[in-house]
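# Chains, contacts and geometry: an overview
The primary structure of each chain is shown beneath.
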Amino acid sequence: MSTLILNLDFGDCPPPKKATEGNHRHQRFIQRQRRLQRNLKQKQTQVSAKTSGLGHPKPQNKGVTLSTSSKQKLHPLPEPIREKPNQKNGIDRPLSRKVSTVSWLTPAPSRKTSSLSVVSKVDLLSEFQSGLCSLPPARTLPAGTEKGKKMVALDCEMVGTGPKGHTSSLARCSIVSYSGDILYDEYIRPPCKIVDYRTKWSGIKKEHMINATPFKVARREILKILLGKIVVGHAIHNDFKALHYFHPKPLTRDTSRIPILNSRAGFPENESISLKRLTKQLLQQDIQVGKSGHSSVEDAKATMDLYKLVEVEWEQQLARSPPSQE
């Protein structure tokens, strides 16, 4: 048999083949990763250059992870526009954006809109442009004051009661407003028996008392109207006496005691002139004529018209020297 001789060398042994192959793979992986990072940086710089050219702010990539395998371009979202910090607290506040209507973006009106709605819109527009034309015109009040709402004229007609009919008792009362509207006009039945109807002057007849209002009821209704108002009358103290009532003197206007009125009519200032004569002289009207007697409504309207003639001058005199409360 031939002998087998083995020559074994225990010097430096070459590295195993698998180890060298693993090192090469690791190096290729690192090179590939670096190359992808460089490409990603180049893409980011290109995108930022384009956005800066268009006037958009630079994108913020904080909190956003990009996939290395994605080949699509990612466009950054624009930042919200903010105001400059407030000098007091330094807090940034977003600007309030005003919505502007663009003609070519505004949708056209629907053809199904009814003609009634279009007409109503036109009517509303015309009202706004003309300025509340639907409201009635305001009534003219007395010059320089607002007493027209709290001013009335009063006139009463009396009949005779008591012994021989010498006591005057209320049988009719009329109240008119500043503009002459009738606020109250009723026949009133006195609590005592009527002895003399005085028809020649009062115009009261026996048949007027059939459905007349009782004195207590009428008095309550009349005083409710007079309360707190300026009352105009001619020799009005007689009317208040028949009503068993005393009206405050500062709220009373007696046309039989107005020197200005007498002077304008050409009569002595301190003389008490009848309502009939003053009305004829200043208003050119004839009242208290005929056999039917007086009309309390006619007398009340004439009294208010006489007061209006000298209202401004008379009120100025009363303001300078107001009447006493007595």
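Residues numbered from 1 in each chain as written. Predicted model: local features only at pLDDT ≥ 70, side-chain atom pairs only at ≥ 80, totals over all residues. Heavy atoms only, no water.

### A short note on the overall build of the chain
The helix and strand tally for the chain stands at nine helices and seven strands. Within the chain, the proportion of its 326 residues that are buried is 27%. In the chain, the share of contacts with a sequence separation of at least 24, taken over all contacts with a separation of at least 6, comes to 54%. A total accessible area of about 24,900 Å² is found for the chain, and carbon and sulfur atoms account for 55% of it. (Helix = DSSP H or I, 4+ residues; strand = E, 2+ residues; numbered from the N terminus. Buried < 20%, exposed > 50% of the residue type's maximum accessible area, 1.4 Å probe, protein only. Contact = heavy atoms within 4.5 Å. Areas by Shrake-Rupley, 256 points an atom, 1.4 Å probe, with all protein chains shown as cover.)

### As for the pattern of salt bridges
Taken as a whole and assessed by the stated rule, the structure comprises four salt bridges. Among the ionic pairs, Glu315 bridges to Arg253, the shortest N-O distance being 2.9 Å. Of this pair, Glu315 sits in helix α9 (residues 311–320) while Arg253 sits in strand β7 (residues 252–254), and the two are 62 residues apart along the sequence. Both residues of the pair, Glu315 and Arg253, count as buried. Its salt-bridge partner being Lys280, residue Asp286 comes within 3.1 Å of it at the nearest N-O pair. You can call Lys280 partly exposed: its relative accessible area is 45%. (Salt bridge = Lys/Arg side-chain N within 4 Å of Asp/Glu carboxyl O.)

### Remarks on the side chain of Asp254
Tracing the chain through its elements places Asp254 in strand β7. It turns out Asp254 is buried and unbridged, and the closest side chain with the opposite charge, Arg257, is 4.0 Å from it. Separated by 2.8 Å, the side chains of Asp254 and Ser256 make a polar contact. If we skip the residues at most four places from it in the chain, Asp254 touches Gly233, His234, Ala235, Ile236, His237 and Trp314. (Lys, Arg positive; Asp, Glu negative; His and termini not counted. Polar contact = N/O pair within 3.5 Å; in protein donor to acceptor, adjacent residues only side chain to side chain.)

### Topic: the packing of helix α4 (residues 215–226) against helix α5 (residues 236–243)
At their nearest, the axes of α4 and α5 sit 11 Å apart, and the two run at 130° to each other. Comparing the axis directions of α4 and α5 gives the class oblique. Across from Phe215, Arg219, Ile222 and Leu226 in α4, the residues of α5 making contact are Phe240, Ala242 and Leu243. Split by residue class, the contact of α4 with α5 holds six nonpolar, no polar and one charged. (Axes fitted to C-alpha atoms, helices over the stretch in contact; angles between N-to-C directions. Parallel < 35°, antiparallel > 145°, perpendicular 65-115°, else oblique. Nonpolar A, V, L, I, M, F, W, Y, C, P; charged D, E, K, R; others polar.)

### Some remarks on the pairing of strand β3 (residues 182–189)
Two elements, strand β2 (residues 167–177) and β3, share five bridges in a ladder whose sense is antiparallel. Residue pairing in the sheet places Cys173 in a bridge with Glu186 of β3. Hairpin geometry of β2 and β3 is characterised by an intervening segment of four residues between the two adjacent antiparallel strands and by a positive phi of about 95° at Gly180. Both β3 and strand β5 (residues 213–214) contribute to a ladder of two bridges, which runs parallel. The partner of Arg189 across the bridge, within β5, is Pro214. (Pairing = 2+ DSSP bridges.)

### Some words on helix α8 (residues 296–309)
The end-to-end C-alpha distance of α8 is 20 Å, a good match for the 20 Å that 14 residues give at a rise of 1.5 Å each. Every buried residue of α8 is accounted for by Ser296, Val297, Asp299, Ala300, Ala302, Thr303, Met304, Leu306 and Tyr307. (Expected span 1.5 Å × (residues − 1).)

### Quick notes on the environment of Leu183
Here Leu183 is to be found in strand β3. According to the relative accessible area criterion, Leu183 is partly exposed, its value standing at 43%. The spacing of Leu183 and Ala153 is 30 residues in sequence and 9.7 Å in space, taken between C-alpha atoms. Excluding residues that lie within four positions of it along the chain, Leu183 makes contacts with Val152, Ile175, Val176, Ser177 and Ile225.

### Focus: the packing of aromatic side chains
The relative placement of two aromatic rings is captured by the distance of their centres and the angle of their planes. Per the counting criterion, the structure on display carries two aromatic pairs. Ring centres of Phe240 and Tyr245 lie 5.7 Å apart, and the angle between their planes is 80°; on these two criteria the pair is classed as edge-to-face. By relative accessible area, which is 7% here, Phe240 ends up buried. Lying over the aromatic face of Tyr178, Lys308 brings its terminal NZ or CZ to 4.4 Å of the ring centre. (Phe/Tyr/Trp six-rings, centres within 6.5 Å; stacked < 30°, edge-to-face > 60°. Lys NZ or Arg CZ within 6 Å of the ring centre and 35° of its normal.)

### Observations regarding the environment of Thr199
As for its placement among the helices and strands, Thr199 is situated in helix α3 (residues 199–202). Overall, the relative accessible area of 27% leaves Thr199 in the partly exposed class. Expressed as a C-alpha distance, the spacing of Thr199 and His294, which sit 95 residues apart in the sequence, is 8.7 Å. Apart from residues no more than four positions distant in its own chain, Thr199 is found in contact with Ile204, Lys205, Ser292 and Gly293.

### Remarks on α5
Restricting attention to buried positions, one finds in α5 the residues Ile236, Asp239, Phe240, Ala242 and Leu243. For α5, the buried positions fall inside an angular range of 160° around the axis, keeping them on one side. Next to the buried residues of α5 lie β1 (151–161), β2, α4, β6 (230–233) and β7. His244 occupies a position one or two residues after α5 and carries a positive phi of about 55°. (Arc of directions from axis to C-beta.)

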